[in-house]
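# Structural features, examined
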Amino acid sequence: MDDSLEEIVREIRSCRKCSLWITKKNYVPGEGSENAGIMFIGEAPGKEEDEQGRPFVGNAGKFLTALIEKSLGLRREDVYITNILKCRPPNNRDPDDEEIDACFPYLERQISVIKPEIIACLGRHSARTVFEHFGIPFTTISRERGLMREKIVDGKVIRFIATYHPAAALYKPPLKETIEEDFKKLRNFVKKKNPTLLDFFS
Ligand code: URA
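Below is a summary of the structure that appears in this document. By convention here, each chain's residues receive numbers from 1 onward along its written sequence. In keeping with the predicted nature of the model, local features appear solely for residues at pLDDT of at least 70, side-chain atom pairs appear and are counted solely at 80 or more, and the whole-chain, interface and lining totals rest on all residues. Side-chain calculation: all heavy atoms of the structure are included, whereas hydrogens and water are not.

## Some thoughts on a negative patch on the surface
Stated precisely, the cut-off is as follows: Here, patches come from residues exposed beyond 30% relative accessible area and free of salt bridges, joined within 9 Å for like charges and within 5 Å for nonpolar side chains (Val, Leu, Ile, Met, Phe, Trp, Tyr). Under the convention used here, a 1.4 Å probe and the Shrake-Rupley method define accessible areas, while residue burial counts only the protein chains that appear. Just to be clear on terms, a salt bridge is a Lys or Arg side-chain nitrogen sitting within 4 Å of an Asp or Glu carboxyl oxygen. Residues scored as charged are limited to Lys and Arg (positive) and Asp and Glu (negative), so that His and the chain ends carry no count. To locate a charge, take atom NZ for lysine, CZ for arginine, CG for aspartate or CD for glutamate. Under the DSSP-based scheme used, a helix requires at least four consecutive residues in state H or I and a strand at least two consecutive residues in state E, with every element numbered from the N terminus. Whether a residue is buried, partly exposed or exposed follows from its accessible area with a 1.4 Å probe, protein chains only, as a fraction of its type maximum: under 20%, in between, or over 50%, in that order.
Together, Asp96, Asp97, Glu98 and Asp101 line one region of the surface with negative charge. Assignment of secondary structure puts glutamate 98 in helix α5 (residues 97-114). Glutamate 98 sits in the exposed class, given a relative accessible area of 67%.

So, in structure tokens, the structure goes:
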């Protein structure tokens, strides 16, 4: 049977593969369009996301939504937004390796179903996990941000970009401009039907 976003969400909602299901209030599988050209991948749900069962709906989410709408000229429902972890770690602590390993197959399946042209990783945990999974070397977020990488996945080019986590701009305001700059680069890809890497630098 072909996989589907509904099936993945259904499985996430009964997941007990790591202990986070015990402390979470709601699973946060992800949301958006099955036909999304861009997938945004954050780290893990925070307090607000845990309350609502939806990704990026707190303050960092408001900034992300504004970037999607104003910098990319898209609607939130046109893209797909999810996280590496589908449950909130207590007190928003960093995800641990066991949790990432347990949860990552859901993200892998979401990527296989959506087949996005671009995967945008938000923050170092997301970027490190996703880049390493796809065989893209990752050093630090400050070095890797804003660079577009290409990989052929299942016979199709996927472009990967990392930027700082939108929450980082809330406590370090100068990062806001850096994130906006990275989104401006993304816009060149969103506008064109068949973009090449050269468009990224135009
Ligand atoms: N931070 C994340 O990484 N993901 C969310 O969904 C919200 C905040």
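## Regarding the packing of helix α1 (residues 5-12) against α5
Applicable threshold: Helix axes use the C-alpha atoms of the stretch in contact, all axes being lines fitted to C-alpha atoms, and the angles between their N-to-C directions lie in the range 0 to 180 degrees. An angle counts as roughly parallel when it lies under 35 degrees, as roughly antiparallel when it exceeds 145, as roughly perpendicular when it falls between 65 and 115, and as oblique in every other case. In a left-handed crossing the near helix is turned counterclockwise from the far helix by less than a right angle, and in a right-handed crossing that turn is clockwise. Contact between two residues is taken to exist if any of their heavy atoms lie within 4.5 Å; hydrogens are not considered.
Where α1 meets α5, the closest approach of the two axes is 10 Å, and the angle between their N-to-C directions is 165 degrees. The pairing of α1 with α5 is recorded here as roughly antiparallel in orientation. When you trace α1 past α5, the crossing you get is left-handed. Between α1, through Leu5, Glu7, Ile8, Glu11 and Ile12, and α5, the contact on the second element is made entirely by Tyr106, Arg109, Gln110, Val113 and Ile114.

## Some thoughts on helix α4 (residues 59-71)
Think of an α-helix as 3.6 residues a turn; residues three or four steps apart then line up on the same face. Applied cut-off: In a helix, the anticipated span is given by 1.5 Å times the number of residues less one.
For α4, which comprises 13 residues, the first-to-last C-alpha distance of 18 Å matches the rise-based estimate of 18 Å (1.5 Å per residue) to within 8%. All buried positions along α4 are accounted for by Ala60, Gly61, Phe63, Leu64, Thr65, Leu67, Ile68 and Ser71. A positive backbone phi angle near 70 degrees is found at glycine 73, which sits one or two residues after α4.

## Quick word on the pairing of strand β4 (residues 118-122)
Each regular strand shows side chains that alternate between the opposite faces of the sheet. So the rule is basically this: Pairing between strands is defined by DSSP: at least two bridges between them are needed.
With five of five residues buried, β4 is to be regarded as a mostly interior element. Alternating positions in β4 separate into two faces, Ile118, Ala120 and Leu122 on one and Ile119 and Cys121 on the other, with burial throughout. Direction of pairing for strand β2 (residues 38-42) relative to β4: parallel, over a ladder of four bridges. Paired with methionine 39 across the two strands is isoleucine 119, which belongs to β4.

## Examining the packing of aromatic side chains
Heads up, the rule is: Only Phe, Tyr and Trp rings take part, Trp by its six-membered ring, and two of them pair if their centres are within 6.5 Å. Stacked means planes under 30 degrees apart, edge-to-face means over 60, and tilted covers everything else.
This structure, assessed with the given rule, holds four aromatic pairs. Ring geometry for phenylalanine 40 versus phenylalanine 183: centroids 5.7 Å apart, planes at 0 degrees, classification stacked. Taken as a pair, phenylalanine 40 in strand β2 and phenylalanine 183 in helix α9 (residues 174-191) lie far apart in primary sequence, 143 residues in all. Owing to a relative accessible area of 0%, phenylalanine 40 belongs among the buried residues under this scheme. Ring centres of phenylalanine 134 and phenylalanine 160 lie 5.0 Å apart, and the angle between their planes is 45 degrees; on these two criteria the pair is classed as tilted. Of this pair, phenylalanine 134 sits in the loop between α6 (124-133) and α7 (141-144) while phenylalanine 160 sits in strand β6 (residues 156-163), and the two are 26 residues apart along the sequence.

## What about the site of the ligand?
The condition that has to hold: Near residues are defined by distance, with any heavy atom within 4 Å of the molecule or strand qualifying the residue. Pairing of N or O atoms within 3.5 Å defines a polar contact, subject to two protein rules: one partner must be a possible hydrogen donor and the other a possible acceptor, and residues neighboring in sequence count only if both atoms are side-chain atoms. Under the scheme applied here, ten amino acids are nonpolar (Ala, Val, Leu, Ile, Met, Phe, Trp, Tyr, Cys and Pro), four are charged (Asp, Glu, Lys and Arg), and all others, including Gly, are polar.
Around the ligand sit Gly42, Glu43, Ala44, Glu49, Pro55, Phe56, Asn83 and His165, and that is every residue in its neighbourhood. Taking asparagine 83, its side chain carries an N or O atom lying 2.7 Å from a nitrogen atom of the ligand. Burial of the ligand by the surrounding chains reaches 91%, relative to a free accessible area of 240 Å². Of the residues belonging to the shell around the ligand, the class tally is three nonpolar, three polar and two charged.

## Regarding the pattern of salt bridges
Summed over the entire model, instances satisfying the criterion amount to 17 salt bridges. For arginine 76, the salt bridge goes to glutamate 31, with nearest N and O atoms at 2.8 Å. Here the residue arginine 76 occupies a position in the loop between α4 and β3 (80-83), and glutamate 31 occupies one in strand β1 (residues 31-32), the gap between them amounting to 45 residues. Owing to a relative accessible area of 22%, glutamate 31 belongs among the partly exposed residues under this scheme. Glutamate 150 is paired through a salt bridge with arginine 159; the nearest N and O atoms lie 3.1 Å apart. With relative accessibility at 37%, the residue glutamate 150 sits in the partly exposed group. Residue arginine 159 is classed as buried on the basis of its relative accessible area, which comes to 10%. Several salt bridges converge on common partners, so that one network encompasses Asp3, Glu11 and Arg109.

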